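One-letter residues, chain by chain:
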Amino acid sequence: MRNAPAIDAATLSTLLNELRLPAIKVLWPDFAERADKEGWPAARFLSVIAEHELAERDRRRIERHLAEARLPPGKTLDSFDFDAVPMVSKAQVMAIAAGDSWLAKGANILLFGPPGGGKSHLAAAIGLALIENGWRVLFMRTTELVQKLQVARRELQLESAIAKLDKFDLLILDDLAYVTKDQAETRVLFELISARYERRSIMITANQPFGEWNRVFPDPAMTLAAVDRLVHHATIFEMNVESYRRRSAMEAKRQRGRPASFATMRNTAEIDAARQSEPNEALGDLGQIVALQSASKSICGWGSW
Ligand code: ADP
Ligand code: MG
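These remarks concern the structure in this document. Model, not experiment: these values are computed from the prediction.

1. Points about the packing of aromatic side chains
So, step 1. Tallying each qualifying case throughout the model produces five aromatic pairs.
So, step 2. Judged by centre distance (6.4 Å) and plane angle (45°), the ring pair of Phe 31 and Trp 40 falls under tilted. No difference in accessibility class separates Phe 31 from Trp 40, as the two residues are buried.
So, step 3. Centroid distance Phe 112 to Trp 213: 6.1 Å. Interplanar angle 55°. Geometry classified as tilted. Highlighted residues: Phe 112 in strand β1 (residues 108-112) and Trp 213 in the loop between β4 (201-206) and α10 (220-232), separated in sequence by 101 residues.

This is how it looks when you write it as structure tokens:
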């Protein structure tokens, strides 16, 4: 500022306000002084302050995207203990967290497993990493989203409500299997899945495997159609582990000198055997999907994206 005539500084401030370049407005006097002192070419000065404006814009955009995403706080990939879920490959999760190839194709990710196994944590952590990489994400309990879509439907606004969700590259539907057709008109969930198919991604966490989803959707044909669309381009993580909280509590107990009394994680063969024995016949084609999933081992990339 010292080297710039006062009148120029005032005018420039107004111009930069009107051009909506707040970072340049704050930074230019110091950079101008340095450029004058060090004899920078004008083009270098211009590109340096333009880069700062752009970086600041990115930072503000990510801040906005974080605020709209409604992620549960504190769930990061750094704080996720991958050793607790050996069937989940850290390298694969890191590739997913970069986003590029699968989000562009509207592929999906499905996380299955019993309560406490880290499904919501992992989903939220991937969501956070994606936002930091420039993507837009919305995290919602599925029951809450279904309620919202039902209200929209009653007001004849379902289509536009679903279209509004298009701005999110990824919709994380937490606890899908907690939605039941007895409590809600769940056809709206099917409409959402259909509308996003091969265009926009969905990540689902569920305590129940596909075989139980007939309790979610109004009829078996709709369940089959929903599962079919979801798995067509999807990666499935089966997180069949002991509750992390329970394990941690037992671990703490053990460290205090008591013998370990908890069951350790079931191995892959046991998990597969258990899944194979699930009754699938009543589900027709859906049963085949479940059987296929069982055959594909504890964690699988379902198809390729
Ligand atoms: P789920 O959604 O499968 O029921 P959560 O993700 O809610 O399980 O996990 C329960 C609690 O345990 C959360 O506080 C979560 O942060 C923690 N947790 C679960 N798995 C892990 C893990 N592998 N590393 C770190 N924390 C975990
Ligand atoms: Mg959960």
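Further notes follow.
2. Brief notes about the pattern of salt bridges
So, step 1. Applying the stated criterion to the full structure yields 13 salt bridges.
So, step 2. Residues Glu 242 and Arg 246 are paired through a salt bridge, measuring 2.2 Å at the closest nitrogen-oxygen approach.
So, step 3. Note on Glu 242: relative accessible area 16%, which makes it buried.
So, step 4. Through salt bridges with shared partners, one network takes in Glu 56, Arg 59, Arg 60 and Glu 63.

3. A few points about the site of ligand 1
So, step 1. If you check the shell around ligand 1, you find 15 residues, and the closest are Asp 81, Gly 116, Lys 119, Ser 120 and His 121.
So, step 2. In this structure, an oxygen atom belonging to ligand 1 sits 2.7 Å away from a main-chain N or O atom of Gly 116.
So, step 3. Alone, ligand 1 offers 550 Å² of accessible surface; in the complex the protein occludes 84% of this.
So, step 4. Mapped by element, the contributors of at least two residues to the shell around ligand 1 are α6 (119-132) and α11 (244-255).
So, step 5. It is α6 that provides the largest number of residues to the shell around ligand 1, a total of three residues.
So, step 6. In the shell around ligand 1, the residues fall into five nonpolar, six polar and four charged.

4. Focus: helix α2 (residues 22-38)
Structural remark: α-helix, 3.6 residues per turn; residues separated by three or four positions point the same way.
So, step 1. Between the first and last C-alpha of α2 there are 25 Å, a value that for 17 residues agrees with the 24 Å anticipated at 1.5 Å per step.
So, step 2. At Trp 28, α2 shows its maximal kink, close to 50°; a proline, Pro 29, follows between one and four residues later.
So, step 3. Within the span of α2, buried status applies to Ala 23, Ile 24, Trp 28, Pro 29, Phe 31, Ala 32, Glu 33 and Ala 35.
So, step 4. Gly 39 lies just past α2 and shows a positive phi near 65°.

Thresholds applied
- Per chain, the residues get numbers from 1 upward, laid out in the order the sequence is written.
- Written order decides the labels, with chains lettered from A and ligands numbered from 1.
- Given that this is a predicted model, residues contribute local features only at a pLDDT of at least 70 and side-chain atom pairs are listed and counted only at 80 or more, while totals for whole chains, interfaces and linings are drawn from all residues.
- For the side-chain quantities, the full set of heavy atoms in the structure was used; hydrogens and water were omitted.
- Aromatic rings from Phe, Tyr and Trp, with only the six-membered ring used for Trp, were paired whenever their centres fell within 6.5 Å, and each pair was classed as stacked if the ring planes differed by under 30 degrees, edge-to-face if by over 60, and tilted otherwise.
- Exposed residues in this analysis have more than 50% of their type's maximum accessible area, buried residues have under 20%, and partly exposed residues fall in between, with area computed by a 1.4 Å probe over protein chains only.
- Segments assigned H or I by DSSP are reported as helices when at least four residues long, segments assigned E as strands when at least two residues long, and all are numbered from the N terminus.
- Basic side-chain nitrogens of Lys or Arg form a salt bridge, by our definition, when they fall within 4 Å of a carboxyl oxygen of Asp or Glu.
- What makes a residue near a molecule or strand is one non-hydrogen atom of that residue sitting within 4 Å of it.
- Each polar contact in these results corresponds to two N or O atoms within 3.5 Å; when the atoms are within protein, one needs to be able to donate a hydrogen and the other to accept it, and residues that are neighboring in sequence are counted only if both atoms are side-chain atoms.
- The accessible surface values rely on the Shrake-Rupley method and a 1.4 Å probe; as for residues, cover is taken only from the protein chains in view.
- Three categories are distinguished: nonpolar for Ala, Val, Leu, Ile, Met, Phe, Trp, Tyr, Cys and Pro, charged for Asp, Glu, Lys and Arg, and polar for the others, with Gly belonging to the last.
- Between the first and last residue of a helix there are one fewer steps than residues, each counted as 1.5 Å, and that sum is the expected span.
- The term bend refers to the angle at a residue between two fitted axes, each drawn through seven residues, those ending there and those starting there.

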